[in-house]
Amino acid sequence: MESKSIDTVLKETRSFAPSPSFAQQANLSAADYERLWKDAQAEPVRFWEHAAKNIDWFEPWTKALSWEEPFAKWFLGGKTNAAYNCLDRHVANGRKDKTAILWEGEEGEVRKLSYGQLLDRVSQLANGMQKDLGLKAGDTVAVYMPMIPEAVVTMLACARVGVTHSVIFAGFSSSAIHDRVLDADCKAVFTADYGKRRGKKLELQPIVEEGLKGVDCVQHVVVFRNEKNSPLGSRGVEWQALVDKQSTKHEAVSLDAEHPLYFLYTSGTTGKPKGIVHSTGGYMVSVTQTAKWVFDLKEDDIYWCTADIGWVTGHSYVVYGILSNGATALLYEGAPNYPDWGRFWSIIDKHKVSILYTAPTAIRAFMRAGESIPRKYKLDSLRLLGTVGEPINPEAWIWYHNEIGHGKCPIVDTWWQTETGAIMITPLPGVTATKPGSATRPFPGIVADIVDENGKSCAPNEGGYLVIRHPWPSMVRNIHKNPDRFKDQYWSRFPGLYFAGDGAHKDENGYFWIKGRVDDVINVSGHRLGTMEIESALVSHPAVAEAAVVGRPDELKGQAITAFVIPKESADLSNLAALSKELSQHVVSEIGALARPEEIKFTRTLPKTRSGKIMRRLLKDLAAGKQASGDTTTLENPDLVQLIQ
Ligand code: PRX
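Computed from a predicted model, the values in this text were never measured in an experiment.

Novice: Run through the overall build of the protein, naming residues and quoting values.
Specialist: The helix and strand inventory of the protein stands at 20 helices and 30 strands. On C-alpha atoms alone, the protein measures out to a radius of gyration of 24 Å, which is about the 26 Å that the 2.2 N^0.38 rule sets for 645 residues. Its C-alpha atoms put the protein at 70 × 60 × 55 Å along the principal axes. Here the protein holds 645 residues, and the buried ones make up 62% of them. For the protein, restricting intrachain contacts to residue pairs at least 6 apart in sequence, the fraction spanning at least 24 positions comes to 72%. Working note: accessible area of the protein is about 24,200 Å², and carbon and sulfur atoms make up 50% of it. Looking at the protein, you have 74 positive and 77 negative side-chain charges, and the mean spots of the two groups are 2 Å apart.

Novice: Give me the packing of aromatic side chains: which residues, what numbers.
Specialist: Here the structure, examined in full by the defined rule, presents 37 aromatic pairs. Plain terms: the ring middles of F47 and W293 are 6.0 Å apart, the flat faces sit at 50° to each other, and that makes the pair tilted. Residue F47 is located in helix α4 (residues 44-51), and its partner W293 is located in helix α12 (residues 281-294); the two are separated by 246 residues in the primary sequence. By the burial criterion, F47 is buried, and W293 matches it. On the basis of an interplanar angle of 50° and a centroid distance of 5.6 Å, the ring pair of W74 and F75 is categorised as tilted.

Novice: I'd like to hear about the packing of helix α15 (residues 360-369) against helix α16 (residues 394-404), residue by residue, with values.
Specialist: Interhelical geometry of α15 versus α16 gives an angle of 70° and a closest axis separation of 10 Å. If you check the angle between α15 and α16, you find them roughly perpendicular. Here I363, R364, F366 and M367 of α15 come into contact with α16, specifically with E395, A396, W399 and Y400. Classifying every residue of the contact of α15 with α16 by side-chain character gives 6 nonpolar, no polar and 2 charged.

Novice: Quick rundown of the environment of G236? Include the residues and the values.
Specialist: Along the chain, G236 falls in strand β12 (residues 236-238). Through-space distance from the C-alpha of G236 to that of V221 is 4.6 Å; in sequence the pair is 15 residues apart.

Novice: Provide a residue-level description of the pattern of salt bridges, including the pertinent values.
Specialist: Per the stated rule, a full pass over the model turns up 40 salt bridges. Its salt-bridge partner being R343, residue E104 comes within 2.7 Å of it at the nearest N-O pair. In this pair, E104 is assigned in strand β4 (residues 99-105) and R343 in helix α14 (residues 343-351), connecting sequence segments 239 residues apart. Given the relative accessible area of 2%, E104 is considered buried. The partner of K136 in a salt bridge is D139, with the nearest N and O atoms 3.5 Å apart.

Novice: Outline the sheet that holds strand β7 (residues 164-167), listing residues and values.
Specialist: Overall, mixed pairing links the 8 strands, which are arranged β12-β11-β8-β6-β7-β14-β15-β23 in an open sheet. Bordering the open sheet on either side are β12 and β23 (478-479), each of which pairs with just one other strand. Pairing between strand β6 (residues 140-144) and strand β8 (residues 188-192): 4 bridges, direction parallel. Along β8, the bridge assignment pairs V143 with F190.

Novice: Which residues make up empty space enclosed by the protein, and what are the values?
Specialist: Tallied over the entire structure, the rule returns 1 cavity of 30 Å³ or more. Of the volumes computed, that of the largest cavity is approximately 40 Å³. Of the residues that constitute the lining of the largest cavity, the class distribution is 7 nonpolar, 1 polar and 1 charged.

Novice: Tell me what's going on with the layout of surface pockets, and back it up with residues and numbers.
Specialist: Computed from the structure, the second largest pocket encloses a volume of approximately 310 Å³. Lining the second largest pocket are 13 residues, with L36, D39, R46, F47 and H50 sitting closest to its centre. The residue makeup of the lining of the second largest pocket, split by class, is 5 nonpolar, 3 polar and 5 charged.

Novice: Which residues make up the site of the ligand, and what values go with them?
Specialist: Taken together, 17 residues lie around the ligand, and D413, T414, T418, D502 and R528 are the ones closest in. P391 places a polar main-chain atom, nitrogen or oxygen, 3.4 Å from a nitrogen atom of the ligand. One of the side-chain N or O atoms of R528 is found 2.7 Å from an oxygen atom in the ligand. For the ligand, whose unbound accessible area comes to 540 Å², protein coverage reaches 95%. Those elements giving two or more residues to the shell around the ligand turn out to be α13 (312-323), β20 (411-414) and β25 (512-517). Taken together, the residues of the shell around the ligand break down into 6 nonpolar, 6 polar and 5 charged.

Scoring rules and cut-offs
- Residues numbered from 1 in each chain as written.
- Predicted model: local features only at pLDDT ≥ 70, side-chain atom pairs only at ≥ 80, totals over all residues.
- Heavy atoms only, no water.
- Helix = DSSP H or I, 4+ residues; strand = E, 2+ residues; numbered from the N terminus.
- Rg over C-alpha atoms; globule rule 2.2 N^0.38 Å.
- Buried < 20%, exposed > 50% of the residue type's maximum accessible area, 1.4 Å probe, protein only.
- Contact = heavy atoms within 4.5 Å.
- Areas by Shrake-Rupley, 256 points an atom, 1.4 Å probe, with all protein chains shown as cover.
- Lys, Arg positive; Asp, Glu negative; His and termini not counted.
- Charge placed at Lys NZ, Arg CZ, Asp CG, Glu CD.
- Phe/Tyr/Trp six-rings, centres within 6.5 Å; stacked < 30°, edge-to-face > 60°.
- Axes fitted to C-alpha atoms, helices over the stretch in contact; angles between N-to-C directions.
- Parallel < 35°, antiparallel > 145°, perpendicular 65-115°, else oblique.
- Nonpolar A, V, L, I, M, F, W, Y, C, P; charged D, E, K, R; others polar.
- Salt bridge = Lys/Arg side-chain N within 4 Å of Asp/Glu carboxyl O.
- Pairing = 2+ DSSP bridges.
- 1 Å grid on protein atoms, 1.4 Å probe; cavity = no way out; pocket = protein on both sides within 12 Å on 5 of 7 lines; lining within 4 Å.
- Points joined across faces, edges and corners; volume = space filled by probe spheres on them.
- Near = heavy atom within 4 Å.
- Polar contact = N/O pair within 3.5 Å; in protein donor to acceptor, adjacent residues only side chain to side chain.

This is how it looks when you write it as structure tokens:
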């Protein structure tokens, strides 16, 4: 909320009307939109009932919604299968030879899998899971894999059998794997010997081995081998050997609409990440409908979402929502600046990418590298651009619009969360006039609002809390094993409303401007991190007595991590630089590289209220290099922090 870009957002007045040529061919016509949007606000359930026709059901549902706050069930009685919707129905309807996955590796290697080939591979692995690994509907497995087609095959094979997957981003540490695998009682872990990044091997199987020490629930570790003799470990099976020998015939299991498709662990306001539970039927209805309209998917599009499958964006808009529409999804395994900052643009030209969906942090990095780089490329295949993960500052929006979209591609700035499963607030291309920095209006069928402390709707331009007033099909169903935390986190602050944890305002046109988190969650490069989680990693180090972590504005990453650390009396403070490095490394090994603190400040005191709560507001000011502002009268120790130099 304190970032400079937010201030500029507030002053932004530019508006970009949809171009007539885009509007003319858009999946949703502007003429239909206004009426449809109003009807869907008044009767969201009817809207979603209609949207449910976009997926195939083995048995029809009988009731669209049962709502016992905070527990929703959608499409009751319906039976379906996510993998069937992503594969079989397309193969049966003329897309057998159409490319489903177009993969590029860092060295420029290309692999293509048609819908027919993908269905065969998924069917084989599904057979292997059932017959050789003894997995069945209701079991849970973890997936810790690089961005390779086999990661998608693995997710879809789970979906096909009804095995709930828990994908763990391949940058997380062994202790993160340990906690997540135990929490979800995983029976198997799918991984690879290594992934590739910046020309180097990124070891994965050894990290899994380490993470599985003392974990008994896991019976099998299935390893995709890039090299014939890579170690498999004691519970290991080779991915290829398991799959190759199986039949390509497999019947997708008929699953209840509420069957859990996946768990995805995400950071919250406590020390432990929470397992967000997503359903099958409702989830597929939301991701299919949103992908169709927000990305305006057409038969010949080459769609590229740059998110890793380890995040919700990868789940919903690399895999499920995109394949369920029968589109072609590009996957790139590698860094955006390998071998140089032109890599994205060269991929776009080479594969004629028509839709690009990426993160503001990446756009800012490209901006910093200079427009001379994209100007070396044609980029004329692009027709639509998107962003996700954090607020986009208008400067970056305009740069994206001019330098990448050449002024002709609509930009969809999509607001949503791991918990929402699908895009919630977004422009619709060809329909919505966009304003740089605003995610514009709620998707039809999503009833969003901004409320004040007391849950009362805010007036235009009055800042408040972003809430959702009505259940939607892809909403989080629960926190795995923790319904109390689920209620407390999302449904207790404003009874009857879903509390998103973001601050926002609506302007006079009803456009939403999302400012960022209002809780103890920070957003680093579009990735969500809990400050408590990093604090508990720090205090698990023997030299640390207490720690407080805050986000400070960062031009490139949105927010960067600053940690205030009180060392123990026994700690050796003769070399603070070395200790600082050691603590950073400790956080990396506890959580993963994405949580590495940018800055560690050693201190003797932390500002606390008389009731003992750390006053983060003051620490945020200090981390941002500002004077501590606001009311300090409740402070226990008014000298704030005594930094150890
Ligand atoms: O603060 C919002 C921010 O990202 C948070 C959700 O993070 P996560 O669950 O990791 O999912 C990210 C990808 C869907 C939100 O609470 N956020 C996401 N998209 C936007 C955004 N903030 C502003 N504008 C967006 N378009």
